[in-house]
Amino acid sequence: MNIVLDSNIIRAFAIALVVTLTLGPFFIPLLRRLKFGQNIRSDGPSRHLAKAGTPTMGGVIFIIGVLAAGLITGWNYLDALVVLGITFGFGLIGFIDDFIKVALKRSLGLRAREKLLGQILLAVLLGVLAITVLERDTTVAVPFSSLLPGSNVGLDLGTWLYVAFVVLVVVGTSNAVNLTDGLDGLAAGVTVVAASTFILIGALSGRPGVALAMAALAGGCLGFLFYNRHPARVFMGDTGSLALGGALGAAAVITGAELSLLIIGGVYVLEALSVMLQVFSFQIFGRRIFRMSPLHHHFELGGWSEQRVVRTFWLASILFAALGLYGFGAGC
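Residues numbered from 1 in each chain as written. Predicted model: local features only at pLDDT ≥ 70, side-chain atom pairs only at ≥ 80, totals over all residues. Heavy atoms only, no water.

Participant: What exactly am I supposed to notice about the overall build of the protein chain here?
Facilitator: A tally of helices and strands in the protein chain yields 12 helices and two strands. Listing the helices and strands of the protein chain from first to last along the sequence gives α-α-α-α-β-β-α-α-α-α-α-α-α-α. Along the first, second and third principal axes, the C-alpha atoms of the protein chain reach 55 × 50 × 35 Å. The buried share among the 332 residues of the protein chain stands at 53%. A fraction of 75% describes how many contacts in the protein chain between residues 6 or more apart in sequence connect residues 24 or more apart. Counting every atom, the protein chain has about 14700 Å² of accessible surface; 69% of that belongs to carbon and sulfur. Computed over 22 positive and 16 negative side-chain charges, the inter-centroid distance for the protein chain is 11 Å. (Helix = DSSP H or I, 4+ residues; strand = E, 2+ residues; numbered from the N terminus. Buried < 20%, exposed > 50% of the residue type's maximum accessible area, 1.4 Å probe, protein only. Contact = heavy atoms within 4.5 Å. Areas by Shrake-Rupley, 256 points an atom, 1.4 Å probe, with all protein chains shown as cover. Lys, Arg positive; Asp, Glu negative; His and termini not counted. Charge placed at Lys NZ, Arg CZ, Asp CG, Glu CD.)

What follows is the structure, given as structure tokens:
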């Protein structure tokens, strides 16, 4: 990267951070006045019941910060605009879902098939734009593959199979982040690490717009963490978690780091996998593997404090990110 791009990355991060921090004192009281409070599962850890009524839909705060920073610093990069567009699109799906649940008091929000259809359509659009407008080929890089002598470093899936693969990656990531967002500061902190890693991947892969968009995402999440850390004054809701997942998925697709995202986002993967294993085990064998899923609740019910679980998962995310970044470099 050149010096100009380096300074723009710092600007994107700083703008998103400052905008998010500035909006918090205005939006959080507004959400409280509108009675947009979080509903808490009665079958979850009992100490979570005290969080009932905490303002939710706070993802709007950092989405505005991310969009502002991205548009100011990356408006002339098509890859930045695509990432920002996907971020906003997934955030809009989450916002509609949150609004139905919180404002209209319909506990289920959007029907699962409606939410999934919206996510699939956006992911298909991303795949098509990546191949056509951004001239992304249909080869998927395999992490660490260059360390093996004589190995291929990529798998060419062809157009239609690749678009289907994009759908799997982006929809899977958005829902995995959504599952991770269950403790104060957990999803925001893990995403700061993942987005920061994709700043480097954007630079390594020659996608400066992705680097700028990820800098804005990292700054926005860090700013939001100020209000979302324990004890949280606001939750991001589906508005925020789906937007974060969509953004990371888009960054991975554009940079060819789809499989590396599985490693970098290892915390998200473990959270989603714990839910799938729990459901499978209970449906087939009538037994639960974990005390409760997603995985963070398993540790809570094992006696860990919420802060300990979050900090441990943050540390794990740093280790996963370092491994994934190395694997991406060794797969190119």
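Back to the text.
Participant: Can you help me understand the nonpolar core in this one?
Facilitator: As a rule of thumb, nonpolar side chains are buried together in soluble globular proteins. By size, the foremost hydrophobic cluster in this structure holds 89 residues, and its most contacted members are Leu-126, Phe-198, Met-214, Leu-217 and Leu-248. With 13 residues, helix 7 (residues 208–228) is the single largest residue contributor to this core. (Core = buried A, V, L, I, M, F, W, Y, C linked by side-chain atoms within 4.5 Å.)

Participant: Looking at this structure, how should I read the packing of helix 3 (residues 78–102) against helix 4 (residues 112–131)?
Facilitator: Geometrically, a packed helix pair is captured by the angle between its two axes and the distance between the axes. At a closest axis distance of 10 Å, the pairing of helix 3 and helix 4 adopts a crossing angle of 175 degrees. Taken together, helix 3 and helix 4 sit at an angle that is classed as roughly antiparallel. Here helix 3 contributes Val-82, Ile-86, Gly-89, Phe-90, Ile-93 and Asp-97 to the contact with helix 4, which in turn contributes Lys-115, Gly-118, Gln-119, Leu-122, Leu-126 and Leu-129. Considering only residue class, the contact of helix 3 with helix 4 consists of seven nonpolar, three polar and two charged. (Axes fitted to C-alpha atoms, helices over the stretch in contact; angles between N-to-C directions. Parallel < 35°, antiparallel > 145°, perpendicular 65-115°, else oblique. Nonpolar A, V, L, I, M, F, W, Y, C, P; charged D, E, K, R; others polar.)

Participant: Help me understand the pattern of salt bridges in this model?
Facilitator: Pairing between side chains of opposite charge can happen when their charged atoms approach one another. A complete count under the given rule lists seven salt bridges for this structure. Lys-115 is the partner of Asp-97 in a salt bridge, and the nearest nitrogen-oxygen pair spans 2.9 Å. Taken as a pair, Asp-97 in helix 3 and Lys-115 in helix 4 lie far apart in primary sequence, 18 residues in all. Here the two residues Asp-97 and Lys-115 agree in accessibility, since each one is buried. Linked through salt bridges whose partners overlap, the residues forming this network are Asp-97, Lys-101, Lys-115 and Asp-238. (Salt bridge = Lys/Arg side-chain N within 4 Å of Asp/Glu carboxyl O.)

Participant: Even after reading the chapter, I still don't get a nonpolar patch on the surface, so can you show me in this structure?
Facilitator: On the surface, a nonpolar cluster with roughly 590 Å² of combined accessible area is contributed by Leu-262, Val-269, Leu-270, Leu-273, Met-276, Leu-277 and Ile-289. By residue number, the principal contributor to the nonpolar patch is helix 10 (residues 266–285), which donates five residues. By secondary structure assignment, the location of Ile-289 is in the loop between helix 10 and helix 11 (295–301). You can call Ile-289 partly exposed: its relative accessible area is 47%. (Patch = residues over 30% accessible without salt bridge, like charges linked within 9 Å, V, L, I, M, F, W, Y side chains within 5 Å.)

Participant: Can you help me understand the side chain of Thr-73 in this one?
Facilitator: As for its placement among the helices and strands, Thr-73 is situated in helix 2 (residues 59–74). Within the local environment of Thr-73, its side chain forms a polar contact with the backbone oxygen of Ala-69, the two atoms lying 2.7 Å apart. In contact with Thr-73, other than residues within four places in its own chain, are Asn-8, Arg-11, Ala-12, Ile-15 and Leu-212. (Polar contact = N/O pair within 3.5 Å; in protein donor to acceptor, adjacent residues only side chain to side chain.)

Participant: Even after reading the chapter, I still don't get the side chain of Thr-255, so can you show me in this structure?
Facilitator: Structurally, the position occupied by Thr-255 is in helix 8 (residues 237–255). Taking relative accessible area as the criterion, Thr-255 reaches 8% and is therefore assigned buried. When near neighbours in sequence (up to four residues on either side) are disregarded, Thr-255 contacts Phe-198, Ile-201, Gly-202, Ser-205, Arg-207, Val-210 and Phe-328.

Participant: What's the story with the packing of helix 2 against helix 7 in this structure? I'm lost.
Facilitator: Look at helix 2 against helix 7: their axes get within 8 Å of each other, and the N-to-C directions meet at 150 degrees. When the axes of helix 2 and helix 7 are compared, the pair comes out roughly antiparallel. Two packed elements cross with a definite hand, and for helix 2 against helix 7 that hand is right-handed. Contact residues: helix 2 offers Gly-59, Phe-62, Val-66, Ala-69, Gly-70, Thr-73 and Gly-74, while helix 7 offers Leu-212, Ala-216, Leu-217, Gly-220 and Phe-224. Residue composition of the contact of helix 2 with helix 7, by class: seven nonpolar, five polar and no charged. (Left-handed = near helix turned anticlockwise from the far one by under 90°.)

Keep in mind these numbers describe shape, not what the thing actually does.
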